[in-house]
Every structure is written in C-alpha cells, then in structure tokens.
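Residues per chain, in single letters:
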Amino acid sequence: MATCRCLLLPAPLKPTIIPPKPTSKITCSSITTQSQSAKQHLLTLISDQHRGLKTQNDPVKRSSIIQAIDAMADLGKDTVTTEDSLSATWRLLWTTEKEQLFIIEKAPLFGTQAGDVLQVIDVEKRTLNNVITFPLDGVFFVRSSIEVASSQRVNFRFTSAVLRGKSWEIPLPPFGQGWFESVYIDEDIRVVKDIRGDYLVVDKAPYAWKE
C-alpha cells in the first residue's frame, strides 16, 4: 500500500527590520543656542567687575572669566573676524590691560573721571584708534595703522597719540606695535586676545566716535 509522506517545511521567517539609530545633528540653531548661552555666561561674570578693576585682585574671578573667554574662542575658532564686521566703534566692557585700567582707576586724581573706553576700527581704511574719553571735553587717543594678517589676527602699528581738552591739544610720540586676535565676534560683542596675553571684551557702542 503506497503511503504519502508529507514534508513539513518551516514557515519562512519574517525579516527583522532594525530601525537606524538616531544620529545627533549639529544645526545652526544649536550652535546659536550654544553661543548665546556662552555669551550670556561671560557677560554675567564681568557685569560687576568695573571694566576689570575688581578682577585685578581676584585671581579666582579672573580664572573664571578667562575660562568663559576660552569657551567663546572655541565657538568662534572657524570663523573669519577680520572682515567688515570688525569695523565699528567698540566700547570696553572688561579687560586685563594694565595701562587702560591704571588710567581708569587714577583719573580722579587729576580731577576727572574716565568715560567710555573705545576701539574704533575701520578695516577698509586700515585704521585703529584706541580712545579713552574724559567727559565732558577731554580725550586721549592713540592712532594706529592696521593690516589683516589672518582670518582672526590683525597687526597694528602706533602712529601718533593725542591728549586733548576743550581748547588745547598735546601731541605725543607713537610707541609700539603688535597684534590682536578677535576670537569671537557677533552683532553685539567682540572677544579679543593680544600679543601680550591680555584679554578684552567689548560691545558695539550706540554711536560712532570721530576725532
């Protein structure tokens, strides 16, 4: 008697679809958020430092501020900061430059107060003026010529200096040269390191300074 053998085949397995792992994306918005957060942190740190006068005797605070500056520099490391955006009247918020801090601190000994401290840069004309104002009519400024050296570095050479009052002016000889790097710049602030290892944080003044 013939028999029929049935070969039972296993049912085909359904393919297992493994969803791709989500990858993190660096977007313009995330970079902007990082920049805004880092900028606000820096501005908060320097807000009560009287342009750097208080920081001189507070090494812990100085270290915190420099760390915040380094964070800003890291965010700006691949940017070009020596083009048209550099041209502006920049107003001092904080610095480690001893000469500027000395003048700000000692101005009352000469019967005055230091007003805005400025950097006035014109990339097209290759000029830089470092300015300390003494309201109402006094000003000390140093003229410089500048040359763009790289995407973030500018070389400068002092050409003359002037101490000016309401009805008088004393010319002073030029003294020195060097470079500075704008390690971060946006529509509001600029963060700077220079040849001597000093730091500078400035914002855009609401006016354009003229001689």
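Residues numbered from 1 in each chain as written. Predicted model: local features only at pLDDT ≥ 70, side-chain atom pairs only at ≥ 80, totals over all residues. Heavy atoms only, no water.

Caption draft 1: Expanded view of the packing of aromatic side chains. Following the criterion strictly, the structure yields 3 aromatic pairs and no others. Relative to F158, the ring of F156 has its centre 5.3 Å away and its plane inclined at 50°; by these criteria the two rings are tilted. Of the aromatic side chains, those joined through ring pairs into one cluster are F156, F158 and F180. Directly above the aromatic system of W179 lies the positively charged group of R153, at a separation of 3.6 Å from the ring centroid. (Phe/Tyr/Trp six-rings, centres within 6.5 Å; stacked < 30°, edge-to-face > 60°. Lys NZ or Arg CZ within 6 Å of the ring centre and 35° of its normal.)

Caption draft 2: Highlighting helix 2 (residues 59–75). Taking 1.5 Å of rise per residue, the 17 residues of helix 2 would be expected to cover 24 Å, and the 24 Å separating its terminal C-alpha atoms lies within 8% of that figure. Listed as buried for helix 2 are K61, I65, I66, A68, I69, M72 and A73. Looking down the long axis of helix 2, one finds its buried residues gathered within 160° of arc, a one-sided arrangement. Exposed residues lying more than 90 degrees from the buried face of helix 2 are P59, V60 and Q67. (Helix = DSSP H or I, 4+ residues; strand = E, 2+ residues; numbered from the N terminus. Expected span 1.5 Å × (residues − 1). Buried < 20%, exposed > 50% of the residue type's maximum accessible area, 1.4 Å probe, protein only. Arc of directions from axis to C-beta.)

Caption draft 3: Fine view of the nonpolar core. Of all hydrophobic cores here, the largest spans 25 residues; its most connected members are I121 and F180. Secondary structure elements with two or more residues in this core: strand 1 (88–95), strand 2 (117–122), strand 3 (127–134), strand 4 (138–148), strand 5 (153–164), strand 7 (177–185) and strand 9 (199–204). Sorting elements by how many residues they give to this core places strand 5 first, with 4 residues. If we ignore the near neighbours within four places in the chain, the residues touching I121 are L86, S87, A88, W90, T127, L128, I146, F180 and R190. Counting residues in hydrophobic clusters, the runner-up holds 17 residues, among them A38, I46, I65 and I69. (Core = buried A, V, L, I, M, F, W, Y, C linked by side-chain atoms within 4.5 Å. Contact = heavy atoms within 4.5 Å.)

Caption draft 4: View of empty space enclosed by the protein. Counted by the stated rule, this structure contains 1 cavity of 30 Å³ or more. There is about 40 Å³ of room inside the largest cavity. Around the largest cavity sit L92, Q100, V117, L118, Q119, N130, L200 and V202, which together line it. For the lining of the largest cavity, the elements supplying multiple residues, two or more each, are strand 2 and strand 9. Considering each element in turn, the lining of the largest cavity owes the most residues, 3 residues, to strand 2. Looking at the lining of the largest cavity residue by residue, the class counts come to 5 nonpolar, 3 polar and no charged. (1 Å grid on protein atoms, 1.4 Å probe; cavity = no way out; pocket = protein on both sides within 12 Å on 5 of 7 lines; lining within 4 Å. Points joined across faces, edges and corners; volume = space filled by probe spheres on them. Nonpolar A, V, L, I, M, F, W, Y, C, P; charged D, E, K, R; others polar.)

Caption draft 5: The environment of R190, seen in detail. Along the chain, R190 turns up in strand 8 (residues 189–194). Those residues in contact with R190, other than ones at most four positions away along the chain, are L86, W90, Q119, I121, F180, S182, Y184, I185, L200, V201 and V202.

Caption draft 6: Main features of a nonpolar patch on the surface. Together, L163, W168, I170 and L172 make up a nonpolar patch on the protein surface, roughly 330 Å² of accessible area in all. For L163, the location among the structural elements is in strand 5. Under the relative-accessibility criterion, L163 is labelled partly exposed at 30%. (Patch = residues over 30% accessible without salt bridge, like charges linked within 9 Å, V, L, I, M, F, W, Y side chains within 5 Å. Areas by Shrake-Rupley, 256 points an atom, 1.4 Å probe, with all protein chains shown as cover. Salt bridge = Lys/Arg side-chain N within 4 Å of Asp/Glu carboxyl O.)

Caption draft 7: Highlighting the layout of surface pockets. Quantified by volume, the largest pocket comes out at close to 560 Å³. Lining the largest pocket we find 25 residues, and of these E97, Q100, N130, F158 and R196 sit closest to its centre. When residues of the lining of the largest pocket are traced back to their parent elements, those giving at least two are helix 3 (98–106), strand 2, strand 3, strand 4, strand 5, strand 7, strand 8 and strand 9. Here the element with the most residues in the lining of the largest pocket is strand 3; it accounts for 4 residues. A class-by-class count of the residues in the lining of the largest pocket yields 15 nonpolar, 4 polar and 6 charged.

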